[in-house]
Amino acid sequence: SAVISQKPSRDICQRGTSLTIQCQVDSQVTMMFWYRQQPGQSLTLIATANQGSEATYESGFVIDKFPISRPNLTFSTLTVSNMSPEDSSIYLCSVEALDSRKLFFGSGTQLSVL
Amino acid sequence: GESVGLHLPTLSVQEGDNSIINCAYSNSASDYFIWYKQESGKGPQFIIDIRSNMDKRQGQRVTVLLNKTVKHLSLQIAATQPGDSAVYFCAELPYYFGNEKLTFGTGTRLTIIP
């Protein structure tokens with residue numbers, strides 16, 4: 001399985017500011033995904049981070065709010081822009097294993113917006 | 001719309017007993033299912049998976065059963081231990097490789113009583 005490192009692990013931010021979350025994988029992967037997990041709830045896919053092209057967003061998520069970068073096959077960032085308290089969630093990076101359809105997750109970024 | 005859901009949000013089991021966590025899915029195109037375990041403050045951890053051409057798959061202390069007729073999935077944990085306390089999610093993938101969008105169920109919180 002891939003080793004996925006996410007930074008920061010947690011942050012407390014002020015309303016109206018932006019936070020960029022980094023995801024580093026120890027091996028090259030084709031598919032990288034960003035998920036949101038609101039308090040006490042399940043995981044919801046935000047977008048698929050594509051290397052060399054724009055991210056593919058799911059319904060209800062837009063690029064202006066959640067810009068994503070994928071400069072290479074081992075790294076991606078998710079920015080949560082113009083934050084409000086409703087953005088308080090855990091944000092998770094996920095990658096697909098090369099030899100199977102399994103998805104592996106980072107430890108997440110716990111974001112609290114005041 | 002298609003969804004994956006769980007029957008029970010919480011489950012308490014005496015240490016040493018067996019536990020069964022259930023999951024219903026509605027997407028008939030789903031052909032691959034995964035169970036994840038999420039401990040507090042951590043990302044989801046892969047437990048076991050099963051493809052739709054199988055009815056049962058066993059791992060270490062865990063067994064997944066798939067009933068395609070009624071679109072039902074279950075995770076059995078044998079001889080539960082305190083470390084099994086966590087939230088368990090089922091997730092499904094439809095059968096079109098290259099579009100790996102996991103759909104997660106709502107989750108069941110399993111508590112092991114010492």
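A. Up close: the state of the cysteines. Applying the stated rule across the entire model yields two disulfides over all chains. Between the sulfur atoms of Cys23(A) and its disulfide mate Cys93(A) the distance is 1.9 Å. Between Cys23(A) and Cys93(A), the disulfide has an S-S torsion of -65 degrees and is therefore left-handed. With Cys23(A) in strand 3 (residues 19–25) and Cys93(A) in strand 9 (residues 89–96), the pair connects residues that are 70 residues apart, well separated along the chain. Shown here is the disulfide that connects Cys23(B) with Cys90(B), its sulfur atoms set 1.8 Å apart. Where Cys23(B) bonds to Cys90(B) through sulfur, the torsion about that S-S bond is close to 50 degrees, and the disulfide is right-handed. One end of the pair, Cys23(B), is in strand 3 (residues 19–25); the other, Cys90(B), is in strand 9 (residues 86–94), with 67 residues separating them in the sequence. Its sulfur unpaired, Cys13(A) is 18 Å from the next cysteine sulfur, which belongs to Cys23(A). Note on Cys13(A): relative accessible area 7%, which makes it buried.

B. The arrangement of the pairing of strand 3 of chain A in detail. Residues and elements named next belong to chain A. The side-chain alternation of strand 3 yields one buried face, formed by Leu19, Ile21, Cys23 and Val25, and one unburied face, formed by Thr20, Gln22 and Gln24. Where strand 1 (residues 4–7) meets strand 3, four bridges bridge the pair, whose relative direction is antiparallel. Bridged to Ile4 within strand 3 is Val25. Across six bridges, the pairing between strand 3 and strand 8 (residues 75–80) is antiparallel. Looking at strand 8, one finds that Cys23 is bridged to Ser76.

C. Representation of the packing of aromatic side chains in the model. With the rule as written, the count across this model stands at 11 aromatic pairs over all chains. Between Phe66(A) and Tyr91(A) the ring centres are 6.4 Å apart and the planes differ by 45 degrees, which places this aromatic pair in the tilted class. One end of the pair, Phe66(A), is in the loop between strand 6 (56–57) and strand 7 (68–72); the other, Tyr91(A), is in strand 9, with 25 residues separating them in the sequence. For Tyr91(A), a relative accessible area of 0% gives the class buried. Their ring planes at 40 degrees and their centres at 5.6 Å tell us that Tyr36(B) and Phe104(B) sit as a pair that is tilted.

Calculation criteria
Residues numbered from 1 in each chain as written. Chains lettered and ligands numbered in written order. Predicted model: local features only at pLDDT ≥ 70, side-chain atom pairs only at ≥ 80, totals over all residues. Heavy atoms only, no water. Disulfide = S-S within 2.5 Å. Helix = DSSP H or I, 4+ residues; strand = E, 2+ residues; numbered from the N terminus. Buried < 20%, exposed > 50% of the residue type's maximum accessible area, 1.4 Å probe, protein only. Pairing = 2+ DSSP bridges. Phe/Tyr/Trp six-rings, centres within 6.5 Å; stacked < 30°, edge-to-face > 60°.

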